[in-house]
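Structural features, examined
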Amino acid sequence: MHNDLKLFTELAEFLLSEEENNPVAIPIETGELYNRLDLELTNEPLIGEDFKNLLKEVIKSTPKTASKTFFNQLFGGRISKATLGDLLSVMLNNSMYTYKVAGPQVGVEKAILKAVGERIGYGVQSDGTIAPGGSMCNYMAMLMARDVFDGSIRNNGITRKLIAYTSDTSHYSVTKNASFVGIGRHQVRAVNTNNRGEMLAADLARQIEDDISNGYHPFFVNATAGTTVLGAFDNIKDLSEVSKKHQLWLHLDGAYCGAVIFSKSYKHLVNGIELTDSFSFNAHKMLGTPLSCSILVTQNKEHLYQSFSNEADYLYQTSDDDFNLGKTSLQCGRRNDALKLWTLWKAVGSKGLETIVDHQFHLAHVARDYISKHSDYTLYSFEDSISVCFNYKKISAKVLCTKLYEHSKLMVGYGNFKGETFVRLVTINTKVETNDILRFFKTIETFVDSENLQS
Ligand SMILES: *Cc1c(COP(=O)(O)O)cnc(C)c1O
């Protein structure tokens, strides 16, 4: 082990220097991948320097998500105290299902769930879990809603048409999950949004009433804090009023921007969060922990137990169910995804998390400011969003993003909304500074000039 730890340190140092010196890996076409890298598995072992050199080659060609030129996704960067925690959890290798096997690591997870529940104003009955991703949090929320609607479905299956509602700008997992939950994809209604991509409560109410009069059974509303393209925040209070009137479960999908709960300046974006039945957010997005770290909390822990507990004598051999996290999880064996957030949170305090969140809004402000002062750009996104959507000189966003990637300049993606396609700059990497944002625009401008990309 000691030798491999030394090797690990050497490889990690190599990665850090690559991120600095070659921040955008030279892309390999998929058809070329197996010719360029020796990935195939063979009978003979690969040892010593050969093994190390191959690992270096692989590292070199892997996209550098922690570099300051990676703006492609809703995560990026690296916060070392969080990485430290994740590395420790790999070494400790506990499984989170029981207290007997995970010990204080259960306490680590419960401390996070408690602090989040209190922060958003859920009552003393609140509890939660850490799921493998935001999509799975949404899945668990929909399952709880289904079982609250009709507890017999757990055993008997679905016999009626249950209907879920989410906005037309929400994450695709809501529709996908509907098939796993058994209600079927066609039973998910796309609710209209306003010109900022926020769900319209009036359209929600209208669709619910239509469904009821057609003999269907509404049960679940999914609201979003930070939509995937524009970073928009649905109005929770308005949606809660409609949901409560019809006794529907209201889930808030905060995978992208739910971490605003840590900021005095931005938590108003989720006003009314205490009215929701469940809430989830990805610490691996705004809080910058390694993937994945997705927290789901619910007002009433009974709902977690009702949907996810199963008796299993071979597993649950100590009595304190509150500390046997397997009873509130989708999984059996479960990776410790709590420790990385806990080490970060301990090391910087809630104040430090606030600084992380605020910095991202600041960078987005810097970017929007630059765009609005330069007439070659068109801005499509709004204040209070860390997705900065724009076009440059009317060049096709798809062409621009693809060429920037192929030429190893930047990694940035594109999105669309109401018929417009645009570049989406995501200011979620906390290590990025104002200068890096300005350099991002300069890189685009210089590149467009040199490649003659004018539309
Ligand atoms: C990223 C995202 C998800 C999915 O989270 P994963 O961890 O990738 O599964 C769900 N909803 C929204 C709004 C997201 O931005």
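Please read all numbers here as calculations on a predicted model, not as lab measurements.

Re the sheet that holds strand β8 (residues 294-298)
One open sheet holds the 7 strands; their spatial order is β2-β8-β7-β6-β5-β3-β4, and the pairing between them is mixed. Each end of this open sheet is capped by a strand with a single partner; those strands are β2 (127-131) and β4 (188-191). Across the sheet, the axes of successive neighbouring strands diverge by a mean angle of 20 degrees, strand direction being ignored. Along the sheet, helix α6 (residues 104-119) contacts β2, β7 (278-282) and β8; its crossing angle with β8, the most-contacted strand, is approximately 60 degrees.

What about the pairing of strand β3 (residues 162-167)?
Of all the 6 residues making up β3, 6 are buried; the element is thus mostly covered by neighbouring parts of the structure. For β3 and strand β5 (residues 217-224), the ladder comprises 5 bridges, and the chain directions are parallel. Following the sheet pairing, Thr-166 is matched in β5 by Asn-222. For β3 and β4, the ladder comprises 4 bridges, and the chain directions are parallel.

Observations concerning the site of the ligand
Around the ligand sit 15 residues, and of these Gly-134, Ser-135, Asp-253, Asn-282 and Lys-285 come closest. Residue Gly-134 places a main-chain N or O atom 2.7 Å away from an oxygen atom belonging to the ligand. A distance of 3.0 Å is found between an oxygen atom of the ligand and a side-chain nitrogen or oxygen belonging to Asn-282. Considered on its own, the ligand offers 380 Å² of accessible surface; in the complex 85% of this is hidden by protein. Among the detected pockets, the ligand sits in the second largest pocket. The dominant element in the shell around the ligand, judged by the number of residues it contributes, is helix α7 (residues 134-149), at 3 residues.

Brief notes about the layout of surface pockets
Of the volumes computed, that of the largest pocket is approximately 1,300 Å³. Considering the residues around the largest pocket, the lining is formed by 42 residues, among which Leu-15, Leu-16, Glu-19, Ala-66 and Arg-78 are closest to the centre. Secondary structure elements with two or more residues in the lining of the largest pocket: α1 (2-21), α4 (80-92) and α15 (434-451). Counting residues per element, the lining of the largest pocket draws most heavily on α1, at 9 residues.

Remarks on the packing of aromatic side chains
In total, this model carries 18 aromatic pairs according to the counting rule given. Their ring planes at 85 degrees and their centres at 5.1 Å tell us that Phe-262 and Trp-345 sit as a pair that is edge-to-face. Taken as a pair, Phe-262 in the loop between β6 (249-254) and β7 and Trp-345 in helix α13 (residues 339-373) lie far apart in primary sequence, 83 residues in all. You can call Phe-262 buried: its relative accessible area is 2%. Under the relative-accessibility criterion, Trp-345 is labelled buried at 12%. Ring-pair connections join several aromatic residues into one group, and the members of that group are Phe-71, Tyr-370, Tyr-377, Phe-390, Tyr-392, Phe-440 and Phe-441. Directly above the ring of Phe-382 sits Arg-196, whose terminal nitrogen or CZ lies 4.7 Å from the centroid.

Some thoughts on the sheet that holds strand β12 (residues 420-426)
With respect to topology, 5 strands assemble into an open sheet ordered β1-β11-β12-β10-β9, the strand pairing being mixed. A single partner strand is all that each edge strand has here, and the edge strands are β1 (70-71) and β9 (377-379). Here β9 runs beside strand β10 (residues 387-392); their pairing, made up of 3 bridges, is antiparallel. Residue pairing across strands places Thr-378 opposite Asn-391, the latter belonging to β10. Contacts from α15 reach β1, β9, β10, β11 (411-417) and β12, with the element oriented near 20 degrees to β10.

Considering the domain arrangement of the protein
Under the domain assignment, the protein is made up of domain 1 (2-67) and domain 2 (84-343). Measuring from the centre of the C-alpha atoms in domain 1 to the corresponding centre in domain 2 gives 36 Å.

Comments concerning the side chain of Ser-240
In this structure, Ser-240 sits in helix α11 (residues 236-245). Sequence-distant contacts of Ser-240, defined by excluding residues within four places in its chain, comprise Leu-250 and Leu-275.

Observations regarding the packing of helix α14 (residues 397-406) against α15
Across the interface, α14 lies against α15 with an axial gap of 11 Å and an inter-helix angle of 95 degrees. As summarised for this structure, α14 and α15 are arranged roughly perpendicular, according to the angle between their axes. Along the contact surface, α14 presents Leu-400, Lys-403 and Leu-404, while α15 presents Ile-444, Phe-447 and Val-448. Broken down by class, the residue content of the contact of α14 with α15 amounts to 5 nonpolar, no polar and 1 charged.

Some points on the environment of Thr-65
Mapped onto the fold, Thr-65 is located in the loop between α3 (48-61) and β1. Among residues more than four places away in sequence, those in contact with Thr-65 are Phe-70, Phe-75, Gly-76 and Gly-77.

Quick word on the nonpolar core
Residues Phe-279, Phe-281, Ile-295 and Phe-441 are the most contacted members of the largest nonpolar core, which totals 90 residues. Membership of the second largest hydrophobic core comes to 23 residues, among which are Met-142, Leu-296, Leu-304 and Phe-308.

Things to note about a nonpolar patch on the surface
Taken together, the side chains of Met-1, Leu-5 and Met-91 make up a nonpolar region of the molecular surface, amounting to roughly 320 Å² of accessible area. The residue Met-1 is located in the segment before α1 in this model. Residue class for Met-1 comes out exposed when judged on its relative accessible area of 62%.

Some points on the packing of α1 against α3
The interhelical angle for the contact between α1 and α3, taken along N-to-C directions, is 30 degrees, at an axis separation of 10 Å. The orientation of α1 relative to α3 falls into the category roughly parallel. Relative to α3, the crossing made by α1 is right-handed. Contacts between α1 and α3 involve Leu-7, Glu-10, Leu-11, Phe-14, Leu-15 and Glu-18 from the former and Phe-51, Lys-52, Leu-55, Lys-56, Ile-59 and Lys-60 from the latter. Tallied by class, residues from the contact of α1 with α3 come to 7 nonpolar, no polar and 5 charged.

Thresholds applied
Residues numbered from 1 in each chain as written. Predicted model: local features only at pLDDT ≥ 70, side-chain atom pairs only at ≥ 80, totals over all residues. Heavy atoms only, no water. Pairing = 2+ DSSP bridges. Helix = DSSP H or I, 4+ residues; strand = E, 2+ residues; numbered from the N terminus. Axes fitted to C-alpha atoms, helices over the stretch in contact; angles between N-to-C directions. Contact = heavy atoms within 4.5 Å. Buried < 20%, exposed > 50% of the residue type's maximum accessible area, 1.4 Å probe, protein only. Near = heavy atom within 4 Å. Polar contact = N/O pair within 3.5 Å; in protein donor to acceptor, adjacent residues only side chain to side chain. Areas by Shrake-Rupley, 256 points an atom, 1.4 Å probe, with all protein chains shown as cover. 1 Å grid on protein atoms, 1.4 Å probe; cavity = no way out; pocket = protein on both sides within 12 Å on 5 of 7 lines; lining within 4 Å. Sits in = over half its atoms within 2 Å of the grid points. Points joined across faces, edges and corners; volume = space filled by probe spheres on them. Phe/Tyr/Trp six-rings, centres within 6.5 Å; stacked < 30°, edge-to-face > 60°. Lys NZ or Arg CZ within 6 Å of the ring centre and 35° of its normal. Domains from an automatic or database assignment. Parallel < 35°, antiparallel > 145°, perpendicular 65-115°, else oblique. Nonpolar A, V, L, I, M, F, W, Y, C, P; charged D, E, K, R; others polar. Core = buried A, V, L, I, M, F, W, Y, C linked by side-chain atoms within 4.5 Å. Patch = residues over 30% accessible without salt bridge, like charges linked within 9 Å, V, L, I, M, F, W, Y side chains within 5 Å. Salt bridge = Lys/Arg side-chain N within 4 Å of Asp/Glu carboxyl O. Left-handed = near helix turned anticlockwise from the far one by under 90°.

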